[in-house]
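# Descriptive structure summary
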Amino acid sequence: MKIGIIREGKVPIDRRVALSPQQCQAVKEKFPTVELIVQTSPIRCFTDTEYLQQGLEVRENVSDCDILLGVKEVPISDLIPNKTYLFFSHTIKKQPYNRQLLQAILDQNICLIDYECLTNERGSRVIGFGRYAGIIGAYHGLDAYGKRNHLYQLKPILDCVDINEMKAELAKVKLPAIKIAITGGGRVATGVMEILNLIGTSSVSPADFLTKSYPETVYTQLNSIDYNKTPDGSPFIEADFFQYPEQFEGDFYKYTQVTDLLIAAAYWHPDSPVLLTPEDIQTSGFKIQVIADITCDIEGSIPCTKRTSTLTEPYFDYNPHTQQLEPAFSQDKNLTIMAVDNLPSGLPRDASEDFGNQLIENIFPFLLEEDSIQMIARATIAKNGTLTPPFQYLQDYTEGKE
């Protein structure tokens, strides 16, 4: 088995990689029949020299590899026919901007395994950059709130050498008695809370968050049951919500009246109720000043996320009255948004090493040996020029019919 570590070609550039040089060595020791080839890259967070120093072969052409490991979507022009690829394809929600990519994958007889779909027997995801998305998303949320209110300014994340320098920078954060709401219960939300706990913020229950006042900054973690409800007032059953999200209504409005900073870290299904509406934002009691939208679903659960932002320019404003975007921090009446769609690449070396550990421990035994729990099969979107059975729902999307 020959595996190629491909360079990232998506724009804006992403410096992450699936395996660090040291992790490549660990793979060779754990799976001695595997050969690793590293494609040259001028932007990768680990240099070609670092891989060469580990005795790895580094070259431009990886067309002789059986499996190609990337991170973000591979540009169509870079695809190699008849290969197996692993990367985040961002197609399973029928994202319009990646329709042509999935068409090309089918046309070129590529086997596509999507990291986002790799799950264990309980259906839980086993790999991702979620923790670092949460960590860096929280950092930006705090930075935006500080800049907007002229309290402090944090160093741009791209100027931080590693997570330790970023954490040291957080010593500047001095918040008034505000309330921070976090949506979600997975790795992303865990990363957010890691940062909020680091700066000494206290956690409170959703009920207390709504009804009590505090002399210091507090945050609450909101799960699906906290901001969704049944139309008839019957008990909320989480399993029903995940299976039939279209049968529920949103119930987040009450939190908009007491929240200063919203950090959106929950997975959102297009059939689920939205978190906010433009009308919600226009109400006189709407209190939120900053939304750190880590989920970054364009015009999805948060209507003011009309576009993505970048790590070099992470913020923009949303004017509630015109419903148009404006420059960041331009008017007090505006809502400031952070919608960076590649947050983990802000700390690429740390995030890559974290991801590589998950890849080696959770994925490679099933990818390179026996797929005893059908993990790889369940995550395979395309194979032999067709969509696999679990992803047949993407057929019309792929053909441009919807």
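Residues numbered from 1 in each chain as written. Predicted model: local features only at pLDDT ≥ 70, side-chain atom pairs only at ≥ 80, totals over all residues. Heavy atoms only, no water.

### A few points about the sheet that holds strand 15 (residues 324-326)
- One open sheet accounts for eight strands, arranged 8-9-7-12-13-16-14-15; its pairing is mixed. Since the sheet does not close on itself, it has two edges, and those belong to strand 8 (202-203) and strand 15, each with one partner.
- Here four bridges tie strand 14 (residues 315-319) to strand 16 (residues 335-338), and the two strands are oriented antiparallel to one another. In the strand pairing of strand 16, Phe316 is matched with Ile337.
- Across the face of the sheet, helix 4 (residues 130-148) comes into contact with strand 12 (261-264), strand 13 (290-293), strand 14 and strand 16 while running at roughly 160° to strand 13.
- Along the sheet face, helix 6 (residues 187-198) touches strand 7 (179-183), strand 9 (218-222) and strand 12 and points at about 160° away from the line of strand 7. (Pairing = 2+ DSSP bridges. Helix = DSSP H or I, 4+ residues; strand = E, 2+ residues; numbered from the N terminus. Contact = heavy atoms within 4.5 Å. Axes fitted to C-alpha atoms, helices over the stretch in contact; angles between N-to-C directions.)

### Thoughts on the domain arrangement of the protein chain
- On domain assignment, one finds that the protein chain holds domain 1 (2-127 + 348-399) and domain 2 (129-341).
- In this assembly, 16 residues from domain 1 lie in contact with 11 residues from domain 2.
- For the pair domain 1 and domain 2, the two sides together bury roughly 1200 Å², of which 55% comes from carbon and sulfur.
- Asp297 is paired through a salt bridge with Lys93; the nearest N and O atoms lie 3.1 Å apart. (Domains from an automatic or database assignment. Buried area = accessible area lost by both parts, 1.4 Å probe. Salt bridge = Lys/Arg side-chain N within 4 Å of Asp/Glu carboxyl O.)

### Some words on the pattern of salt bridges
- For the structure shown, the criterion picks out 22 salt bridges.
- Between Glu361 and Lys30 there is a salt bridge; the shortest N-O distance is 3.5 Å. Pair noted here: Glu361 is in helix 12 (residues 348-369) and Lys30 is in helix 1 (residues 21-30), with a separation of 331 residues, a long-range link.
- Owing to a relative accessible area of 38%, Lys30 belongs among the partly exposed residues under this scheme.
- The network of salt bridges with shared partners includes Lys2, Glu35, Glu57, Arg59 and Asp64. (Buried < 20%, exposed > 50% of the residue type's maximum accessible area, 1.4 Å probe, protein only.)

### Here we look at the nonpolar core
- With 105 residues, the main nonpolar core has Leu69, Tyr115, Leu118, Met166 and Phe364 as its most contacted residues.
- Summarising the domain contributions, this core has at least three residues from each of domain 1 (2-127 + 348-399) and domain 2 (129-341).
- Once residues lying within four places of it in the same chain are set aside, the contact partners of Leu69 are Ile3, Gly4, Ile5, Ile6, Ala18, Leu19, Leu86, Tyr115, Leu359 and Phe364. (Core = buried A, V, L, I, M, F, W, Y, C linked by side-chain atoms within 4.5 Å.)

### Brief notes about the packing of aromatic side chains
- The final tally for this structure, using the stated rule, is 15 aromatic pairs.
- Relative to Tyr255, the ring of Phe252 has its centre 5.6 Å away and its plane inclined at 35°; by these criteria the two rings are tilted. Residue Phe252 shares its accessibility class with Tyr255, and that shared class is buried.
- Of the aromatic side chains, those joined through ring pairs into one cluster are Phe88, Tyr115, Phe129 and Phe355.
- Positioned above the aromatic ring of Phe129, the side-chain terminus of Arg16 is 4.4 Å from the ring centre.
- Its end group placed over the ring of Phe209, Lys179 keeps NZ or CZ at 5.4 Å from the ring centre. (Phe/Tyr/Trp six-rings, centres within 6.5 Å; stacked < 30°, edge-to-face > 60°. Lys NZ or Arg CZ within 6 Å of the ring centre and 35° of its normal.)

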